[in-house]
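Chain and residue survey
Now for the letters of each chain:
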Amino acid sequence: MKPERIKALIDLMAESDLSELSLCEGDAQLRLLREPVQVANRVNPAVATAQTTPAARPVSAAQASTTAAVQQTQACASLYGVLHLTPAPDQPPFVEIGTSVEVGQTLAVVEAMKMFHPVQAEAAGVVRAILVANGEEVQACQALFSIA
């Protein structure tokens, strides 16, 4: 089995919620398993209970809106492929720096195995940075856009 085929299967599995994938082609066998993700609290419980937290300070409405405005999210590639910032070579880009976007709006597409997968905004805001150039290869989970 070719390494490109294995990589494509790994990327497809990463997109889905499958926990196991088995494939037999000729005399080649492939089995992919996803281990459950466990977030372990590595803080010693005895130390954690002994720690004190500072008293919360009241936050003014102006500070709250400034803090909210500074929070940025990143739109990431869902799989490995080639990034296309335009719907077609002769058309304008989906978004540019400074463009206001809504949740679910298409920002770009990733081409993988002759299929085009949209990269969509997961939060509303303004595109602050485009982190990858048009036509570049991108990795799964690579940050592509910064949205604030």
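Since this is a predicted model, take the numbers as computed values, not measurements. By convention here, each chain's residues receive numbers from 1 onward along its written sequence. pLDDT decides what is reported in this predicted model: residues at 70 or higher carry local features, side-chain atom pairs at 80 or more are listed and counted, and totals for whole chains, interfaces and linings draw on all residues regardless. With hydrogens and water excluded, all non-hydrogen atoms of the structure serve as input to the side-chain values.

**Some thoughts on the overall build of the protein chain**
Only DSSP runs of H or I covering at least 4 residues are called helices, and only runs of E covering at least 2 are called strands; the numbering of each starts at the N terminus. When helices and strands are tallied, the protein chain shows three helices and ten strands. Relative accessibility thresholds used throughout: buried, under 20% of the residue-type maximum; exposed, over 50%; partly exposed, between the two (1.4 Å probe, protein chains only). Within the span of the protein chain, comprising 148 residues, buried residues form 23% of the whole. In this description, contact between two residues means that some pair of their heavy atoms is separated by no more than 4.5 Å. Sequence separation of 24 or more characterises 53% of the internal contacts of the protein chain that already satisfy a separation of 6 or more. Total accessible area computed for the protein chain in this model is approximately 10600 Å², and 55% of it derives from carbon and sulfur atoms. Calculation of accessible area relied on Shrake-Rupley with a 1.4 Å probe; when residues are assessed, cover is drawn exclusively from the protein chains displayed.

**Describing the sheet that holds strand S9 (residues 137–138)**
Any two strands with at least two DSSP-identified bridges between them are counted as paired. Read from one edge to the other, the open sheet built from four strands follows the order S7-S6-S4-S9, with strand pairing classed as antiparallel. Each edge of the sheet is formed by a strand with only one pairing partner; in this case those strands are strand S7 (115–120) and S9.

**Re the pattern of salt bridges**
Where charged atoms from two side chains of opposite charge approach closely, those side chains can pair. Salt bridge, as used here, is a side-chain nitrogen of Lys or Arg placed within 4 Å of a carboxyl oxygen of Asp or Glu. Under the counting rule described, the total for this entry stands at one salt bridge. Residue Lys7 is joined to Asp11 by a salt bridge in which the shortest nitrogen-to-oxygen separation is 3.2 Å. Placement of the pair is Lys7 and Asp11 together in helix H1 (residues 3–15), with a separation of four residues, close to one helical turn. Judged by relative accessible area, which is 32%, Lys7 ranks as partly exposed.

**Quick word on unusual backbone geometry**
The phi torsion at Met113 lies on the positive side, around 55°, for a residue other than glycine. Of note, Met113 is situated in the loop between strand S6 (106–112) and S7. For Met113, a relative accessible area of 58% corresponds to the exposed category.

**Here's the deal with the sheet that holds strand S3 (residues 73–76)**
Taken together, the four strands give an open sheet; going across it, the order is S3-S10-S8-S5, and neighbouring strands pair in antiparallel fashion. Strands with a single pairing partner mark the edges of an open sheet, and in this sheet they are S3 and strand S5 (100–101). Two strands pair when backbone bridges link them, and strand S8 (residues 125–130) and strand S10 (residues 143–147) are joined in this way by three bridges, in the antiparallel orientation. Residue pairing for S10: Ala129 is matched across the bridge by Ser146.

**Looking at the confidence of the model for the protein chain**
Mean pLDDT over the protein chain stands at 78; residues scoring 70 or higher make up 74%. The predictor reports its confidence for every residue as pLDDT, a score running from 0 up to 100. Across the protein chain, S5 holds the top mean pLDDT of 96, while helix H2 (residues 45–50) sits lowest at 44. Within the model, pLDDT remains below 50 along residues 38–57, and this stretch shows one contact once partners closer than five positions in the same chain are excluded. pLDDT under 50 marks residues 63–69. Its contacts with residues more than four places away, or in other chains, come to three contacts.

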